[in-house]
Amino acid sequence: MSDSACFKPRVIEPVAANRPEGLGLAVELWLAHPVDGIAGRAVQIHLRSDAKMAQAETLRDLLHVIGTEIVVT
């Protein structure tokens, strides 16, 4: 990923031990630098409960490709 990207994405599975509704898979964005208003350095996008690993990986890859064009502010 380019040095100018604001984050690097990765897939997390499972997000919660008991996998409540909507918390089976997530894509995490590890921020390259602190952002005002966001505690910590990671933001998670929780996917729907019926999301498949292939879909999560596709989203991760898409975010990786366009990451240099997304600005987290």
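Look above for the structure.
Let me sum up the structure you'll find in this document.

For the rest of this paragraph, the subject is the overall build of the chain. When helices and strands are counted, the chain shows one helix and three strands. The order of α-helices and β-strands along the chain, N terminus first, is β-β-β-α. Relative to its full complement of 73 residues, the chain shows a buried share of 29%. Summing over all exposed atoms, the chain offers an accessible surface of approximately 4900 Å²; the carbon and sulfur share of this is 52%.

So, about a nonpolar patch on the surface. A cluster of nonpolar side chains, namely Leu62, Val65 and Ile66, defines an oily patch on the protein surface of about 260 Å² accessible area. Locating Leu62 in the fold gives a position in helix H1 (residues 53-66). Its relative accessible area of 46% is what places Leu62 among the partly exposed residues.

Two side chains of opposite charge can pair, provided their charged atoms sit close to one another. With the rule as written, the count across this model stands at two salt bridges. Residues Glu28 and Arg10 are paired through a salt bridge, measuring 2.7 Å at the closest nitrogen-oxygen approach. Note that Glu28 is positioned in strand S2 (residues 26-31) and Arg10 in strand S1 (residues 7-12), a separation of 18 residues in sequence. On the basis of relative accessibility, which here comes to 9%, the residue Glu28 falls in the buried class. Of the charged contacts, one joins Arg60 and Asp61 as a salt bridge, the two residues approaching to 3.0 Å between their closest N and O atoms. Taking relative accessible area as the criterion, Arg60 reaches 25% and is therefore assigned partly exposed.

We now examine the pairing of S2. The element S2 is extensively covered by neighbouring structure, given that five of its six residues are classed as buried. Inspection of the sheet shows S2 paired to strand S3 (residues 42-46) by five bridges, in the antiparallel sense. From the neighbouring strand, Glu28 faces S3, where its bridge partner is Gln44.

Rules of the game
Residues numbered from 1 in each chain as written. Predicted model: local features only at pLDDT ≥ 70, side-chain atom pairs only at ≥ 80, totals over all residues. Heavy atoms only, no water. Helix = DSSP H or I, 4+ residues; strand = E, 2+ residues; numbered from the N terminus. Buried < 20%, exposed > 50% of the residue type's maximum accessible area, 1.4 Å probe, protein only. Areas by Shrake-Rupley, 256 points an atom, 1.4 Å probe, with all protein chains shown as cover. Patch = residues over 30% accessible without salt bridge, like charges linked within 9 Å, V, L, I, M, F, W, Y side chains within 5 Å. Salt bridge = Lys/Arg side-chain N within 4 Å of Asp/Glu carboxyl O. Pairing = 2+ DSSP bridges.

Worth remembering: the numbers are spatial, not functional.
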